[in-house]
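Each chain, letter by letter, is given below.
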Amino acid sequence: MSASASGKHEECYSAGKVFGLTGGVGTGKSTVTEWLRALYRLPVIDADEVARQVVEPGTLGYWLLRMWLGRGYFRREESATESRWVLDRSRVAQRVFADAWVRFGLNALLRPLILSRIVWRLFLLRYVASVKTPILLDAPLLFESRLHWICAVTLVVYCRADQQRERLRQRHPEWSDAEIEQRIRAQWPLERKLLRADVRVDNCGERVAVRERVVAAYTDAQAIARRRAKRRENILFGVVAIALLLVFSVATYRGRHLQPMPFRTRWDRPAPDTKG
Ligand SMILES: CC(C)(COP(=O)(O)OP(=O)(O)OC[C@H]1O[C@@H](n2cnc3c(N)ncnc32)[C@H](O)[C@@H]1O)[C@@H](O)C(=O)NCCC(=O)NCCS
Ligand SMILES: Nc1ncnc2c1ncn2[C@@H]1O[C@H](COP(=O)(O)OP(=O)(O)OP(=O)(O)O)[C@@H](O)[C@H]1O
């Protein structure tokens, strides 16, 4: 097989497979996702973006939140053509990240909507668009919401705790230090996520150095996906072989031990004497 043909053959192992990417809040998931999208042209599903779509005005999520939280958590948005009530995200965030029970309620309401939309998008990409590359799922709560069950490989982006806080301060100047701590505490500790990770992406250094690590991490992820796909193929082959062997042995066993038929068939009769 030529090099390119074998490369194509190897690539097909990860075609349409879900590579789940997660990490702590502000550790650099979106940055790494953007690099992977640009370097390998991977289709990306961003769970934060999906979470925003499911509460757009007029959707089921919007009305569920409106009934549950009340009108006080919505604000009027004026545009040139229309005026509508939209979710006041910063007010909701203040309440949700300060109170674990409210967060539990919000998750219970929105998670089924978010998960079903993600699964539907994956289905379209894999079976309708037939993508030839892995699909990158960028989800901050990948493990917490059990989304890793549908992933072939999981990648966790991490940086030092002080860098995480500093980057969040720069990215969201509107968040107070207390709010940053609340957001961090609202998720699994980064160490716990790292323990579950198949591949760890170190985002502690300068951007240029990190970019190279991202390439290495993607290569590792592909190798793991390929290994797992081959193992699954081997298991499937083994199960089918054992099943066939069983069927064959049962059939031949019955054949050998069957009682002779109680009547003579045409073939059992002795041949007529033709010698004269
Ligand atoms: C509470 C909301 C309205 C706050 O909106 P806001 O614009 O301030 O934040 P944004 O959506 O950009 O999220 C920023 C980060 O907060 C963290 N975060 C968001 N929701 C949660 C949550 N329920 N639990 C823990 N962390 C969360 C994530 O790391 C996320 O990347 C919003 O985050 C939301 O609707 N969250 C519930 C949906 C959800 O679970 N999203 C995560 C999808 S895996
Ligand atoms: N290697 C790096 N060096 C310096 N700054 C970085 C690096 N990686 C990311 N950043 C910056 O840190 C901030 C957070 O990064 P990013 O938005 O990618 O994190 P995130 O995990 O997606 O955050 P969130 O959970 O809020 O969605 C951004 O302002 C980004 O520009």
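The notes below deal with the structure included here. Given the structure is predicted, the values throughout are model-derived calculations rather than measurements.

1. Section: the pairing of strand S6 (residues 153–158)
Within S6, 5 of the 6 residues are buried, which leaves the element mostly enclosed by the surrounding structure. In this sheet, S6 lies alongside strand S1 (residues 18–23) in parallel orientation, the contact comprising 5 bridges. Residue pairing in the sheet places leucine 21 in a bridge with leucine 155 of S6.

2. Focus: the nonpolar core
Counting 36 residues, the largest nonpolar core has Ile45, Leu65, Leu110, Ile114, Ile118, Leu137 and Leu142 as its most contacted members. Listed by contribution, the elements that provide at least two residues to this core are helix H3 (47–53), helix H4 (60–69), helix H5 (89–98), helix H6 (100–128), strand S5 (135–138) and helix H9 (190–196). If one sorts the elements of this core by residue count, H6 sits on top with 8 residues. Dropping the residues within four chain positions of it, isoleucine 118 is found in contact with Ile45, Ala47, Val50, Leu137 and Leu147.

3. Regarding the state of the cysteines
Covalently bonding the sulfur atom of one cysteine to the sulfur atom of another cysteine gives a disulfide. Per the counting criterion, the structure on display carries 0 disulfides. Among the cysteines around cysteine 159, which has no disulfide bond, cysteine 204 carries the closest sulfur, lying 5.9 Å off. Residue classification places cysteine 159 among the buried positions, given a relative accessible area of 6%.

Each value, and the rule that gives it
Residues numbered from 1 in each chain as written. Chains lettered and ligands numbered in written order. Predicted model: local features only at pLDDT ≥ 70, side-chain atom pairs only at ≥ 80, totals over all residues. Heavy atoms only, no water. Buried < 20%, exposed > 50% of the residue type's maximum accessible area, 1.4 Å probe, protein only. Helix = DSSP H or I, 4+ residues; strand = E, 2+ residues; numbered from the N terminus. Pairing = 2+ DSSP bridges. Core = buried A, V, L, I, M, F, W, Y, C linked by side-chain atoms within 4.5 Å. Contact = heavy atoms within 4.5 Å. Disulfide = S-S within 2.5 Å.

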